[in-house]
Amino acid sequence: MPSSPPARARFAPSPTGRFHIGGARTALYDYLLAHQTGGQFILRIEDTDQKRFDPNAERELMDSLRWLGIEWDEGPDVGGPCAPYRQSERKAIYQRHASELVKRGHAYPCFCSSDRLAQMRQEQQKRKQSPRYDGTCRDLAPSAAQARIDAGEPHVVRFKTPRDGQTTAVDLIRGPITVENVNLDDYILLKSDGLALYHLAAMADDREMRITHVLRSAEWLPTFPLHVLIYQALEWPQPVWVHLSVFLNPSGKGKMSKRHAAEAKGGVASIFPLDMRDEGYLPEAVVNWLALMGWSYDDHTELFPMNDLVDKFSLDKLTPSPAAVNFTKLDHFNGLYIRGLSDADLARRVQPFFAQAGLKTDPARLEQIAPLIRERIRTLQESVEIAGFFFRDDVRPADELLPGKGLSPAQAAVAARRALQIIEASAVFDDALEASLRSLAEELGLSAGEVFGLLRLAVTGQPVSPPLLESMRIIGKPTVQARIADVAARLESLAA
RNA sequence: GCCCCCAUUGUCUAGUGGCCUAGGACGUGGCCCUCUCAAGGCCAAAACGGGGGUUCGAAACCCCCUGGGGGCACCA
């Protein structure tokens, strides 16, 4: 891999709602780029919109990123050389740049009220025109404008977009994008309360924070030329621009949404990393899955733990086309990573899910169980369903499950009694016991599966479980005997 | 309505003019293994949206169409 100069990449979310996988993937790419080049990954909070501010959002986004293993080098909580890292605390910086723009003749104060603007927009749309600022304040004499400002008249600052010519903006994965300047608007840079809008704030911060690569959502493509124009007006060198395509719903129809994603998987899929954590997905699986939605390495490798990702990631292998999220593929990766866990690690990770279900576990027993469930669970959560019986003492198969598949009550009762005798006579639950049980089945004219199935029901309470002998060994002889005896008695009264 | 982006199996993708009879993965179907369920192994079906060019040769380059997506706020 050719070594590149250290990159400074920033992830700049706005804390306005729950944190979803779209943001996580952008942050992941930022992180990979920074780590690969020995640069920095910066977290910046874009909270200039006080109206949409959600006090819980910042916490969730930080928790999500940390859970995924995407740690930042500079940010609001860890500080850094370019602090502060919250836009609401950087107001003065934006005002300075706005004044500079006005001074250079690239921006102007605008006194039009939002009411008038809204009305204007409505009329334009009625006439099937593009909604655009009509330029009322664009050519006000600077002295006249200053007089109105001095008089305390509320105003915003707008960018003075050229009326003719065209602007070319270069995106790394899409190449040059050229637009006619008439199709751009005189966008507002500074609100009447003095706070900056994204267009100014993000540009100023990226400049001040010496960002070398801007990775952001493709939703910014329409205003990309404006951003380039702002850089040009201030004579700033441009960063590398990379617009990441949005995620689509699993159906491929429309931008990914919470509701549509959930519907696609029977109402259980979530697009939020923290929900994934609670459902029993491993962060390494989510990262691997996310990395591959929009990036690839070669024509066959798909297993990429974080350290490989740092090593192999490259911007030129990013795809420009939008990707539909595929939750079944996440399940696949989760299974893959679960199977790669050691007994101790699996036991440790699964423990909270048992606790959540109200089951008391102990580490030693969980570690015994780990090899039995590792290949049978897609999520950590599923371990409770498949192995909860190891920790319950009220294990009893439901009435409708008895007498067991393919058996009459009388047959089942006899089989249970005979099996109980064999088990009582066994010092250890080994291969010899299995062989005895098999010959019992043969003697009774039953299949081994029928006998094992019946015992499985008695011992685990469920028709599907980890392998029977191994499970019995962990549960212990006294409990196994008690459970089989109980079922035998129920079967006998059923047969009577 | 206007502007912008995108286009290979159901989905994620490989493909940078001849290595393509289009590769890998998920999912799907079948078989094997098997005490259930998994896991694992093997096999199979499944794609270059359409039309024009350019070229000795196009999945790849250009144009048009179509389809899909995004955007048009004193949100980000």
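Cut-offs applied
Every chain's residues receive numbers from 1 upward, in the order its sequence appears when written. To read the labels, note that chains go from A and ligands from 1, taken in the order they are written. Owing to the predicted nature of the model, reporting of local features is limited to residues with pLDDT of at least 70; listing and counting of side-chain atom pairs is limited to 80 or more, with chain, interface and lining totals taken over all residues. With hydrogens and water stripped out, all remaining heavy atoms of the structure feed into the side-chain values. A run of H or I in DSSP counts as a helix once it spans at least four residues, and a run of E counts as a strand once it spans at least two, with each numbered from the N terminus. Put simply, the radius of gyration uses C-alpha atoms, and a globule should come to 2.2 Å times the residue count raised to 0.38. Accessible area is worked out with a 1.4 Å probe on protein chains only. A residue is then buried under 20% of its type maximum, exposed over 50%, and partly exposed in between. Contacts are residue-level and defined by heavy atoms, with any inter-residue pair within 4.5 Å sufficient. Accessible surface area values rest on a Shrake-Rupley calculation with a 1.4 Å probe, where residue burial reflects the displayed protein chains alone. Positive residues here are Lys and Arg, negative ones are Asp and Glu, while His and the chain termini are left out of the count. Throughout, a charge is located at the NZ atom of Lys, the CZ atom of Arg, the CG atom of Asp or the CD atom of Glu. Helix span, as expected, comes to 1.5 Å for every residue beyond the first. Note on bend: the value at a residue is the angle between axes fitted to the seven residues ending there and to the seven starting there. One speaks of a salt bridge when a side-chain nitrogen belonging to Lys or Arg is within 4 Å of a carboxyl oxygen belonging to Asp or Glu. Note on definitions. A residue lies near a molecule or strand when any single heavy atom of the residue is within 4 Å of it. Contacts described as polar in this section are N or O atom pairs within 3.5 Å, which, within protein, must combine one atom able to donate a hydrogen with one able to accept it, while residues neighboring in sequence count only if both atoms come from side chains. The classification used treats Ala, Val, Leu, Ile, Met, Phe, Trp, Tyr, Cys and Pro as nonpolar, Asp, Glu, Lys and Arg as charged, and all other residues, Gly among them, as polar. To get an axis, fit a line to the C-alpha atoms, keeping to the stretch in contact for a helix; angles then go from 0 to 180 degrees between the N-to-C directions. Each angle gets one of four labels, with under 35 degrees taken as roughly parallel, over 145 as roughly antiparallel, 65 to 115 as roughly perpendicular, and the rest as oblique. Note on convention: the crossing is left-handed when the near helix lies turned anticlockwise from the far helix by less than a right angle, right-handed when the turn is clockwise. For two strands to be treated as a pair, DSSP must find no fewer than two bridges joining them.

*Asks:* Honestly, the overall build of chain A in this entry has me stumped. Any pointers?
*Replies:* Tallying secondary structure elements over chain A gives 20 helices and 11 strands in all. Here the C-alpha radius of gyration of chain A, 32 Å, is well above what a compact globule of 496 residues would show, namely 23 Å. Reported as C-alpha extents along the three principal axes, the dimensions of chain A are approximately 105 × 50 × 35 Å. Relative to its full complement of 496 residues, chain A shows a buried share of 49%. Residue pairs at least 24 apart in sequence account for 74% of intrachain contacts in chain A once pairs closer than 6 positions are excluded. By element, 51% of the accessible surface of chain A is carried by carbon and sulfur atoms, the whole surface being about 23,000 Å². Both charge centroids of chain A, one from 59 positive and one from 64 negative side chains, sit 5 Å from each other.

*Asks:* Help me out: how do you make sense of unusual backbone geometry in this one?
*Replies:* Peptide bonds are trans in most cases, and residues, glycine excluded, mostly fall at negative phi. Of note, the amide linkage connecting alanine 83 to proline 84 takes the cis form, showing an omega dihedral of 0°. Checked against the element boundaries, proline 84 lands in the loop between helix H2 (57-68) and helix H3 (91-103). Between leucine 402 and proline 403 the backbone carries a cis peptide bond, its omega angle lying at 10°. Mapped onto the secondary structure, proline 403 falls in the loop between helix H15 (382-387) and helix H16 (409-425). In this structure, arginine 210 is a non-glycine residue whose phi angle is positive, near 55°. Take arginine 210: it is sitting in the loop between helix H6 (198-208) and strand S8 (213-217). A positive phi angle, near 60°, is found at glutamate 235, a position not held by glycine. Mapped onto the secondary structure, glutamate 235 falls in the loop between helix H7 (224-233) and strand S9 (240-244). Take glutamate 235: its relative accessible area is 64%, and that puts it in the exposed class.

*Asks:* Honestly, helix H13 (residues 343-356) in this entry has me stumped. Any pointers?
*Replies:* An α-helical segment advances 3.6 residues per turn. Residues three or four places apart therefore align on the same side. The first and last C-alpha atoms of H13 sit 20 Å apart over 14 residues, in line with the 20 Å expected at 1.5 Å per residue. A maximum bend of about 30° is found in H13 at valine 350, where proline proline 352 lies one to four positions downstream. If you check which residues of H13 are buried, you get Leu346, Ala347, Arg349, Val350, Phe353 and Phe354. Where H13 is buried, its residues meet helix H9 (273-279), helix H10 (283-291), helix H12 (327-339), helix H14 (363-373) and H15. Where H13 ends, the next residue or the one after it, glycine 358, has phi of about 80°, a positive value.

*Asks:* Help me understand the pattern of salt bridges in this model?
*Replies:* Pairing between side chains becomes possible if they bear opposite charge and their charged atoms approach one another. Counted under the stated rule, the structure contains 37 salt bridges. When the shortest N-O distance is used, the salt bridge between arginine 52 and aspartate 49 registers 3.1 Å. Note that glutamate 58 is salt-bridged to arginine 86, the shortest N-O span being 2.7 Å. Placement of glutamate 58 in helix H2 and of arginine 86 in the loop between H2 and H3 is noted, with a sequence separation of 28 residues between them. Looking at glutamate 58, the relative accessible area reads 12%, which means it is buried. In the salt-bridge network here, residues are joined through shared partners; they are Arg10, Arg44, Glu46, Arg90, Asp205 and Asp206.

*Asks:* Hey, could you run me through the protein's contact with RNA strand B in this one?
*Replies:* Taken together, 61 residues are adjacent to RNA strand B, and Thr48, Glu375, Arg376, Arg438 and Arg456 come closest. Threonine 319 is positioned with one of its side-chain polar atoms (N or O) 3.5 Å from a phosphate oxygen of RNA strand B. Considering every element that reaches the surface near RNA strand B, the biggest residue donor is H12, with 4 residues. Its residues placed into classes, the surface near RNA strand B shows 23 nonpolar, 16 polar and 22 charged.

*Asks:* Explanation requested: the packing of H10 against H12 in the structure shown.
*Replies:* For any two helices packed against each other, one specifies the crossing angle of their axes together with the interaxial distance. For the pair H10 and H12, interaxial distance at closest approach is 8 Å and the crossing angle is 135°. In terms of their interaxial angle, H10 and H12 are classed as oblique. The chirality of how H10 crosses H12 is right-handed. Along its contact with H10, which presents Glu284, Ala285, Val286, Asn288 and Trp289, the element H12 presents Phe327, Lys329, Leu330, Phe333, Asn334 and Tyr337. For the contact of H10 with H12, the class distribution of residues is 7 nonpolar, 2 polar and 2 charged.

*Asks:* Please explain the sheet that holds strand S4 (residues 156-159) as it appears in this structure.
*Replies:* Each strand in a sheet pairs with its neighbour through backbone hydrogen bonds, running either in the same direction (parallel) or in the opposite one (antiparallel). Taken in spatial order, the 3 strands line up as S3-S4-S7 in an open sheet, and their pairing is antiparallel. On the outer flanks of this sheet lie strand S3 (107-110) and strand S7 (188-190), each paired with one strand and no other. Between one strand and the next, the sheet's axes are offset by a mean angle of 40°, whatever the strand orientation. As paired strands, S4 and S7 are joined by 2 bridges and run antiparallel to one another. Counted as the bridge partner of arginine 158 is isoleucine 188 from S7. Contacting S3, S4 and S7, H3 crosses the sheet at an angle of about 125° to S7.

*Asks:* Is there a simple way to think about the packing of H3 against H6 in this case?
*Replies:* At a minimum axis distance of 10 Å, the contact between H3 and H6 shows a crossing angle of 100°. What the angle tells us is that H3 and H6 run roughly perpendicular. On H6, the residues touching Ile93, Tyr94, Arg96, His97, Ala98 and Leu101 of H3 are Leu200, Ala201, Ala204, Asp205 and Glu208. Residue composition of the contact of H3 with H6, grouped by class: 7 nonpolar, 1 polar and 3 charged.

Scope: geometric values only; no functional claims are made or implied.
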